[in-house]
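Structural description and commentary
The lines below spell out each chain.
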Amino acid sequence: DSTGKGLLDFRSHVDASCRYSEEFTNIYYDCMDKKRRTLTRLYLDKATLVWNGNAVSGQAALGEFFESLPSSEFSVQTLDCQPVHELATQGQTTLLVVTAGQVKFDGHKQRYFNQNFLLTAQASPTSDQPVWKIASDCFRFQDWSS
Amino acid sequence: GDNISLGSKLLPGMLFFLCLKPRIPYGKKYNKKWLLTALQNKCSVPFKPVHTEGHKAQFYLEDAFTAHALVRASRQITDSEGPLHASKRDFKWIQCMAKRFDSSQRTLDLNQLRSDPDLVSQNVCPILSRKIFMDAVVKIIEENIPELVHLNLSNNKLYQLDSLADLITSAPHLKALNLSHNQLKTEKVLDRLKGLKLVDLWLEHNPLCDQFKDQPSYISAVRERFPQLVKLDGYDLPLPIVFDVVATSTIPPCKGSYFGSEEIMFLILHFLQQYFSVYDSGDRQPLLNAYHDGATFSLSQPSSQSLSREYHKDSRNLKHLKDPSTRFRLLKHTRLNVVALLNKLPKTQHDIASFNIDVNTHTSMLLSFTVSGVFKEVEGAFQDGVRAFSRVFIAVPAGNSGLCIVNDQLFVRIATMEEICSAFATPAPTPSSSLVPALSTPKQEMLSTFSLKSGMNLEWSQKCLQDNNWDFNIAAQIFTQLKVTNLECIFRL
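These numbers were taken from a predicted model, which means no experiment stands behind them.

**A word on the overall build of chain A**
Along the backbone of chain A there are three helices and six strands. Secondary structure elements of chain A, listed N to C terminal, follow the sequence α-β-β-α-β-α-β-β-β. Scored against the burial criterion, the 146 residues of chain A give a buried share of 51%. Partitioning the contacts of chain A with sequence separation of at least 6, the portion at a separation of at least 24 is 57%. When the accessible surface of chain A is totalled, it reaches about 7000 Å², and 51% of it is carbon and sulfur.

**Thoughts on the overall build of chain B**
Tallying secondary structure elements over chain B gives 15 helices and 19 strands in all. A total of 493 residues make up chain B; the buried ones form 47% of that total. Relative to all contacts within chain B whose residues are 6 or more apart in sequence, the contacts with residues 24 or more apart total 66%. In the form shown here, chain B has an accessible surface area of approximately 24300 Å², with 53% of it arising from carbon and sulfur atoms.

**Quick word on the pattern of salt bridges**
All told, the structure shown has 22 salt bridges over all chains when counted by the stated rule. The shortest N-O distance in the salt bridge between Lys34 of chain A and Asp30 of chain A comes to 3.3 Å. Residue Lys34 of chain A and its partner Asp30 of chain A are both found in helix H1 (residues 2-34); the two are separated by four residues, about one turn of the helix. Here Lys34 of chain A falls in the exposed class, since its relative accessible area comes to 65%. For Arg140 of chain A, the salt bridge goes to Asp358 of chain B, with nearest N and O atoms at 2.6 Å.

**With respect to the side chain of Arg284 of chain B**
Residue and element names in this part refer to chain B. When you line up the elements, Arg284 lands in the loop between helix H8 (262-279) and strand E13 (291-300). Among buried Asp, Glu, Lys and Arg side chains, Arg284 stands out as unpaired, with Asp280 the closest opposite charge at 5.3 Å. Side-chain polar atoms of Arg284 contact the backbone oxygen of Tyr279, separated by 2.9 Å. Of note is the side chain of Arg284, whose polar atom sits 3.1 Å from the side chain of Thr348. Residues in contact with Arg284, not counting those within four places in the same chain, are Val278, Tyr279, Val339, Leu342, Asn343, Leu345, Pro346, Lys347 and Thr348.

**Thoughts on the nonpolar core**
Where a protein is soluble and globular, its nonpolar side chains tend to be buried together. Residues and elements named next belong to chain B. Within the largest apolar cluster, 51 residues are counted, with the highest numbers of intra-cluster contacts made by Ile268, Leu272, Tyr275, Tyr291, Leu342 and Phe369. Ranked by residues supplied to this core, first place goes to H8 with 12 residues. Setting aside residues no more than four positions away along its own chain, Leu272 makes contact with Ser277, Ile357, Phe369, Val371, Phe393 and Trp460.

**Here's the deal with the sheet that holds strand E4 (residues 94-105) of chain A**
All names here are of chain A. Ordered in space as E2-E1-E6-E5-E4-E3, the six strands form an open sheet in which the pairing is mixed. The open sheet has two edge strands, strand E2 (54-57) and strand E3 (72-83), and neither has a second partner. Taken over all neighbouring pairs, the strand axes of this sheet differ in orientation by 20° on average, direction set aside. Relative to strand E6 (residues 131-141), strand E1 (residues 43-51) runs parallel, the two sharing five bridges. Each residue of the ladder has a partner; that of Trp51, found in E6, is Phe139. Here helix H2 (residues 59-68) sits on the sheet in contact with E1 and E2, set at roughly 50° to E1.

**Observations concerning H8 of chain B**
Taking 1.5 Å of rise per residue, 18 residues should cover 26 Å, and H8 of chain B covers 25 Å from first to last C-alpha, within 8% of that figure. Counting buried positions along H8 of chain B yields 14 of 18 residues, so the element is predominantly enclosed.

**Things to note about the pairing of strand E19 (residues 402-414) of chain B**
All names here are of chain B. Of all 13 residues in E19, 12 are buried; the element is thus mostly enclosed. Pairing analysis gives six bridges linking E13 to E19, with the strands arranged parallel. Residue pairing across strands places Leu299 opposite Leu410, the latter belonging to E19. Note that strand E18 (residues 386-398) and E19 share 12 bridges and pair antiparallel. The residue of E19 that forms the bridge with Ala398 is Gly402.

**Quick notes on the pairing of E13 of chain B**
Along any regular strand, the residues point their side chains to alternate faces of the sheet. Residue and element names in this part refer to chain B. Burial analysis of E13 places eight of its 10 residues in the buried class, the great majority of the element. Where E13 and strand E14 (residues 332-333) come together, two bridges link them in antiparallel fashion. Looking at the pairing, Thr296 lines up with His333 of E14.

**Digging into the interface of chain A and chain B**
Taken residue by residue, the interface counts 50 residues in chain A and 54 residues in chain B. When the two sides are added together, the surface that chain A and chain B hide from each other amounts to roughly 4400 Å², 59% of it contributed by carbon and sulfur. There are four salt bridges connecting chain A and chain B. The partner of Arg327 of chain B in a salt bridge is Glu22 of chain A, with the nearest N and O atoms 2.8 Å apart. Examining the composition of the side of chain A that touches chain B, we find that eight residues originate from one element, E3 of chain A, more than from any other. By residue class, the composition of the side of chain A that touches chain B is 24 nonpolar, 19 polar and seven charged.

Rules and cut-offs
- Residues numbered from 1 in each chain as written.
- Chains lettered and ligands numbered in written order.
- Predicted model: local features only at pLDDT ≥ 70, side-chain atom pairs only at ≥ 80, totals over all residues.
- Heavy atoms only, no water.
- Helix = DSSP H or I, 4+ residues; strand = E, 2+ residues; numbered from the N terminus.
- Buried < 20%, exposed > 50% of the residue type's maximum accessible area, 1.4 Å probe, protein only.
- Contact = heavy atoms within 4.5 Å.
- Areas by Shrake-Rupley, 256 points an atom, 1.4 Å probe, with all protein chains shown as cover.
- Salt bridge = Lys/Arg side-chain N within 4 Å of Asp/Glu carboxyl O.
- Lys, Arg positive; Asp, Glu negative; His and termini not counted.
- Polar contact = N/O pair within 3.5 Å; in protein donor to acceptor, adjacent residues only side chain to side chain.
- Core = buried A, V, L, I, M, F, W, Y, C linked by side-chain atoms within 4.5 Å.
- Pairing = 2+ DSSP bridges.
- Axes fitted to C-alpha atoms, helices over the stretch in contact; angles between N-to-C directions.
- Expected span 1.5 Å × (residues − 1).
- Buried area = accessible area lost by both parts, 1.4 Å probe.
- Nonpolar A, V, L, I, M, F, W, Y, C, P; charged D, E, K, R; others polar.

Right, dumping it as structure tokens:
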């Protein structure tokens, strides 16, 4: 029956999302800490970042922004993810990834942060396999107002 | 310096000074070995004498209990003259050190401590070269004067600096250290202090100084351990030449809510007003109308914190949760399951004024925003406990310019001290509340006008005005620009 198949699809969708979000988190924060110059490659051309209330959008601005941040040491302590409902994405496979943990920027004290991403599967010009790209990124220190 | 009372903090490992006097003043010197053996046989508690001196047999012990036991034991030991006489004395380090601390200069002068008249009069002999004494000194510094800048340890027969290594973390502001007139034999002892950001160091009259063939190699060896040193043995050193490395860039200043546009701001504020008024009402069932049929919800909390059982039970942290079935089970799917879980979560009262909203994405099909703030638990074992949250909503447009939630992810943690202090501190919108100060009259007027024009209730209108610093011009701009009719009735509850 169609409902049964639908549930199976949803279950495998959720399973896959979890695995993707784990892989993404490892790649993203490793890149952020160790290969900062290549970080913008993970973002869509027209991706948007809201970083402690500062809005940054487009590859060029993102590149400049990440360049301006001191070197970082991230430690992710909480991770959750959900497949985004297709109604919101016009059929484009999208993943909501939510992280929390601690980060130490060089020259600053260690702070707790919350972050969430919308990842969207894009066709790759260079391979058959679709590729995940960050469509939006929202980052905030837990104590941003202090 | 000042006579500062450093308080009477009991030092773990406080030293007790046990003095066994022979009864006959000119009596024979006791054979130390005999005495120790006799004591060990009689004493119910194992002990390790730290120091024994001459015929007075002084023992330094670490705790009152052992000292007591030893005193009792000693009374059972007799020599030809009868039982030994033992007395127990507390050795109050703290008072002694207090007299030697100058708070205006943040200097602690422990030069030649064994000659200190107070200690001599108590017949006490603090030997800083012994680890147990130096450890005690470092502990006192850590607990009482972590702001220490200058430390003088000259003339104390020091031959190693192992205990001082802890100063790197206990006294992070320590800049000047005097180790002159001691027994430090080689430059290697300085390695223990690498990490101390010393600017001024005295080392003269230590055997290690004679090991260098000339002044420059002496300076070089010392500077290797303390690169920021500018004064050695009282002499100014040539300033070190540094590299202009772009050491630290600054992080951009943190700002408040980011909406992207005023229309979105009102859309979201109206939505949140209605959402949280139901959420805090005690019955969350009406929230069914806020969610899409196929909506998903999950929550997570930091694994190291213990929040209410309901949060803990359903916490979905993929970092620690690996079983695929559990991962699936904890993702609530369909609005019935979503609201069922929401209804099980403890009753809350959110502090609207604390809310911060970031709009991540806005397309014609999707609006994604993150709300963060604080709430308190209003019932149960954790009543009045303040929590901080970060919640991501993904919504699609609904009829009547409303929003319909398709994804909802909630992160909850215990609020920090700072958050607790500033929570629920906003003046009440109306003068009725007795606990918080009321708004001034001009603000109250601005508030009612704004509320009328924007269609938001007083609490949310106040939040909006507060976030814009009660600037009437901004407020006026906001509500003349927007078309109120588009924002009414966000969704039917």
